[in-house]
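# Fold and contact review
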Amino acid sequence: MANDLDEIRIRGLRIFAHHGVFPEETRLGQMFVVNATLYTSTRKGGLADALEDTISYADVCLFLTDYLQKNTWKLLEAAVEHTCRALLTRFPLLRGVELELEKPSAPIPLPFDSVSVCVKRSWHRCFVALGSNIGDTKGYLDGAVEALKADPCIRLKRVSTYLVTAPYGGVEQDDFLNGAVELETLYAPEELLDKLHTIEQAAKRERLIHWGPRTLDLDILFYDDLTQDDPDLTLPHPDMQNRDFVLRPMAELAPHFVHPVFHKTMAQLLKELQ
């Protein structure tokens, strides 16, 4: 979450709900206590003194109460995770949230004050590359864009112009139609990758030849400024600095976005490649 975001704090919200591992907990219910910190910008609402330009903490309290009473989970971890996601998709001005759910009457045969689970969740800025060179290439790219747009955990911000490019990697095949999208997501990097694989599978993507022809190829280029080198996902996307079909859409969408490893903007990397 950005350091320049403000905080709206809710402390000690008491909600009678039905969460717990044991059947009597979900049947009889008990009191829970919610503490929440909402990350947003309060500047516009503060300067205008207008409620519509900020997040109503009263609305948040009512939403939390309704959501936690209408749903039932065994684990506090599940209750907090789902409630965070519901909050972030419900309130457009909310950029992130720290949510703690306390259980003062937890079934523990020892003296204690309370047990709780506290998590931080937020929207993340990502860029995803699109590619296709089999069949209705534009239809496959458009379908991927619509699938991303339909997911409540994704906010599609912008779509680049599509461009026809020669194949990369030395495999003889048809030209590609390429592009990129900018989005915000609540998914963790690996969860977003799974989502992209699901969309590829819906387009009957087959992984037969490395860098070979494909109906649809979706790659995470950037996830915030995260850098990682895991077997299943490397971030930023490796070798993108040598790929015109990646840098051109990126320079269109975010020319001043800085590569977290090379410390150069997309416009600079494209100029160097050209």
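The present account deals with the structure reproduced in this document.

Procedures and definitions
Residues numbered from 1 in each chain as written. Predicted model: local features only at pLDDT ≥ 70, side-chain atom pairs only at ≥ 80, totals over all residues. Heavy atoms only, no water. Patch = residues over 30% accessible without salt bridge, like charges linked within 9 Å, V, L, I, M, F, W, Y side chains within 5 Å. Areas by Shrake-Rupley, 256 points an atom, 1.4 Å probe, with all protein chains shown as cover. Salt bridge = Lys/Arg side-chain N within 4 Å of Asp/Glu carboxyl O. Helix = DSSP H or I, 4+ residues; strand = E, 2+ residues; numbered from the N terminus. Buried < 20%, exposed > 50% of the residue type's maximum accessible area, 1.4 Å probe, protein only. Lys, Arg positive; Asp, Glu negative; His and termini not counted. Charge placed at Lys NZ, Arg CZ, Asp CG, Glu CD. Contact = heavy atoms within 4.5 Å. Polar contact = N/O pair within 3.5 Å; in protein donor to acceptor, adjacent residues only side chain to side chain.

### Some details on a nonpolar patch on the surface
A surface patch of nonpolar side chains, about 270 Å² in accessible area, is lined by Val21, Phe22 and Leu75. Here Phe22 is to be found in the loop between strand S1 (6-17) and helix H1 (23-28). Accessibility expressed as a relative area gives 40% for Phe22, which makes it partly exposed.

### Concerning a negative patch on the surface
A grouping of Glu190, Glu191, Asp194, Asp229, Asp230 and Asp232 is seen on the molecular surface, where their side chains present a negatively charged patch. Examined against the element boundaries, Asp232 turns out to sit in the loop between strand S10 (228-229) and strand S11 (234-235). With relative accessibility at 69%, the residue Asp232 sits in the exposed group.

### Observations concerning the environment of Glu102
Within the fold, Glu102 resides in strand S3 (residues 96-103). Looking at Glu102, the relative accessible area reads 19%, which means it is buried. Sequence separation between Glu102 and Ser114 is twelve residues; the distance between their C-alpha atoms is 6.4 Å. Those residues in contact with Glu102 that sit more than four places away from it in its chain are Phe32, Val33, Asn35, Ser114, Val115 and Ser116. There is a polar contact of 3.2 Å between the side chain of Glu102 and the side chain of Ser114.

### A word on the pattern of salt bridges
Enumeration over the complete set of coordinates arrives at 15 salt bridges. Notably, a salt bridge pairs Arg95 with Glu184, separated by 3.0 Å at the nearest N-O pair. Here Glu184 lies in strand S8 (residues 176-185) and Arg95 lies in the loop between helix H4 (76-90) and S3, a separation of 89 residues in the sequence. Look at the salt bridges and you will find they share partners, linking Arg125, Arg158 and Glu182 into a network.

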